[in-house]
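# Coordinates in review
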Amino acid sequence: GCAASFHAPSGFTLADSLDSAWRRIGIALGKIQGVSGVEPAQALSSYEVTFQGATMLVRAEIVDGQTRVVALGQDGQPLATGPATQLLGLLKARLG
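Residues numbered from 1 in each chain as written. Predicted model: local features only at pLDDT ≥ 70, side-chain atom pairs only at ≥ 80, totals over all residues. Heavy atoms only, no water.

This paragraph deals with the pairing of strand β3 (residues 46–51). Looking along a regular strand, one sees the side chains alternate between the two faces of the sheet. As paired elements, strand β2 (residues 35–41) and β3 share five bridges and run antiparallel to each other. Within β3, the position partnered with Glu39 by the bridge is Glu48. Relative to strand β4 (residues 54–63), β3 runs antiparallel, the two sharing six bridges. Looking across to β4, one finds that Phe51 is bridged to Ala54. Hairpin connection from β3 to β4: two residues lie between these consecutive antiparallel strands, with Gln52 at a positive phi of about 55°. (Pairing = 2+ DSSP bridges. Helix = DSSP H or I, 4+ residues; strand = E, 2+ residues; numbered from the N terminus.)

Printed below as a string of structure tokens:
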């Protein structure tokens, strides 16, 4: 419903457990050209990455019982523009 789309305007759903999704995201990030400075944070199920000059958090989270992959800014707000959208698209192509 509305709440879910408000919570995550961007991102995509994976049919996977949180742990498994987190590991797969890390492997995929390592294969995407232009991604640098990957800092894993397993406690947060996230990776801090730099892509096209923008630093962001790529995070796996559970939304309505499904594992969702989102990109967050330094302020923790979901990113739905520019490099974040492109990176999520590349990840979805590899994982989805």
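The subject of this paragraph is the side chain of Arg68. Within the element layout of this structure, Arg68 appears in strand β5 (residues 66–72). Summary of buried charges: Arg68 has no salt-bridge partner, and the nearest side chain of opposite charge, Glu61, is 5.7 Å away. Polar side-chain contacts of Arg68 include one of 3.1 Å to the side chain of Thr13. (Buried < 20%, exposed > 50% of the residue type's maximum accessible area, 1.4 Å probe, protein only. Lys, Arg positive; Asp, Glu negative; His and termini not counted. Salt bridge = Lys/Arg side-chain N within 4 Å of Asp/Glu carboxyl O. Polar contact = N/O pair within 3.5 Å; in protein donor to acceptor, adjacent residues only side chain to side chain.)

What follows deals with the packing of aromatic side chains. Evaluated as defined, the whole model comprises one aromatic pair. On the basis of an interplanar angle of 10° and a centroid distance of 4.9 Å, the ring pair of Trp22 and Tyr47 is categorised as stacked. Here the residue Trp22 occupies a position in helix α2 (residues 18–31), and Tyr47 occupies one in strand β3, the gap between them amounting to 25 residues. Residues Trp22 and Tyr47 agree in their burial class; the two are buried. (Phe/Tyr/Trp six-rings, centres within 6.5 Å; stacked < 30°, edge-to-face > 60°.)

A few words now on α2. The end-to-end C-alpha distance of α2 is 20 Å, a good match for the 20 Å that 14 residues give at a rise of 1.5 Å each. Restricting attention to buried positions, one finds in α2 the residues Ser20, Ala21, Trp22, Ile25, Gly26, Ala28 and Leu29. Of the surrounding secondary structure, the elements contacted by the buried residues of α2 are β1 (12–14), β2, β3, β4, β5 and α3 (82–95). (Expected span 1.5 Å × (residues − 1). Contact = heavy atoms within 4.5 Å.)

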